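Letter by letter, the chains look like this.
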Amino acid sequence: MTYTFDVFSSLDGYGAAGGDWTGYWGKQGPELLDHRLALYSEEQRMVFGANTYRAFAHMLATSTEGSEVRDPWVTRMINLPATVVSSTLDGTVDWPDATVERGDAVEVVARLKEESAVPLRSHGSLAMNRALMAAGLVDRVQVTLFPVITGQSGLDPVFEDAADFDLELIESRTLDGRVQELVYRPTLHV
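If you're wondering where the values come from, they're calculated on a predicted model, not measured in any experiment.

### Section: the packing of aromatic side chains
By the definition in use, this model includes 11 aromatic pairs. Between phenylalanine 48 and phenylalanine 56, the ring centres sit 5.4 Å apart and the planes meet at 80°, which makes this aromatic pair edge-to-face. Residues phenylalanine 48 and phenylalanine 56 agree in their burial class; the two are buried. Three or more aromatic residues joined by ring pairs make a cluster, and in this case those are Phe8, Tyr24, Trp25, Tyr40, Trp73 and Phe146. One residue, arginine 36, lies across the ring of tryptophan 73, its end atom 4.3 Å from the ring centre.

Structure follows, in structure tokens:
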């Protein structure tokens, strides 16, 4: 089964920013949000590392109805079946249809790819997905590139300490006239 590493990024490669930046760096529009909802309306299984799961669970717990944290695509993502790969979480998580899998992410995802009847997708989980890419388990890297540079406030460098990869562009689109979505097939560069 295919595995997609789905990540948001600033032009300079950060997955988030501090300071006065809001979610989506304030660049979301109706086309982006509709496209995200369509992507997440397909049957699939989410895969998260423990840190990303904790961050999502915290954001959801502290958000209010109508906030961007509760955009329709996020609500759909929360209601998809999910696997949380963790050696630190106990067996229960506050997520509607999630299970915790202990062990090495490479081994867990390799097994999921063999056993799953639906595609696998991970949004975020940067360190886990860099390891999965190095192990050859990521079939698609989907980067949603926001038109900002966050050199002073950027957080979470998306590909920090990643292996080297050649990328084959397999899809691209512009959303709301400013946000780029680029989908690549990664191959370890040797």
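### Quick notes on the pattern of salt bridges
Counted under the stated rule, the structure contains 10 salt bridges. Here glutamate 181 makes a salt bridge to arginine 173, at a shortest N to O gap of 2.3 Å. The exposure class of arginine 173 is partly exposed, given its relative accessible area of 29%. The network of salt bridges with common partners includes Arg140, Glu171, Arg173 and Glu181.

### Some remarks on the nonpolar core
Burial of nonpolar side chains together is a common tendency in soluble globular proteins. Counting residues in hydrophobic clusters, the biggest one holds 30 residues, and the most contacted among them are Phe48, Tyr53, Met77, Trp95 and Phe146. Contributing elements (two or more residues each) for this core: helix 1 (30–41), strand 3 (45–49), helix 2 (50–62), helix 3 (72–78), strand 4 (82–85) and strand 5 (98–101). Among the elements that make up this core, the one with the highest residue count is helix 2 (five residues). One finds Val109, Leu112, Leu120 and Met133 within the second-largest nonpolar core, a separate group that totals 20 residues.

### A few points about the side chain of arginine 121
Residue placement: arginine 121 occurs in strand 6 (residues 120–123). The exposure class of arginine 121 is buried, given its relative accessible area of 7%. Not counting residues up to four positions away in its chain, the partners in contact with arginine 121 are Thr4, Asp6, Leu39, Tyr40, Gln44, Arg45, Met46, Val47 and Gln142.

How each quantity is defined
Note that residues are indexed from 1 along each chain, following the sequence as it is written. Predicted model: local features are reported for residues with pLDDT of at least 70 only, side-chain atom pairs are reported and counted for 80 or more only, and whole-chain, interface and lining totals are derived from all residues. Hydrogens and waters are ignored; side-chain quantities use all the structure's heavy atoms. Paired rings are identified among Phe, Tyr and Trp, the last through its six-membered ring, by centres lying within 6.5 Å, and are further divided according to the angle between planes into stacked (under 30 degrees), edge-to-face (over 60) and tilted (the rest). Exposure categories follow from relative accessible area, calculated using a 1.4 Å probe and restricted to protein chains: below 20% of the type maximum is buried, above 50% is exposed, and the middle band is partly exposed. Throughout this description, the term charge over a ring refers to an Arg CZ or Lys NZ atom that lies within 6 Å of the ring centre and within 35 degrees of the ring normal. What counts as a salt bridge is simple: a side-chain nitrogen of Lys or Arg found within 4 Å of a carboxyl oxygen of Asp or Glu. In this description, a nonpolar core means a group of buried Ala, Val, Leu, Ile, Met, Phe, Trp, Tyr and Cys residues linked to one another through side-chain atoms lying within 4.5 Å. Per the convention used, a helix needs a DSSP run of H or I reaching at least four residues, while a strand needs a run of E reaching at least two, with both numbered from the N terminus. Contacts were defined at the residue level, with two residues in contact if any of their heavy atoms lie within 4.5 Å.

Just geometry here; none of it tells us what the structure is for.
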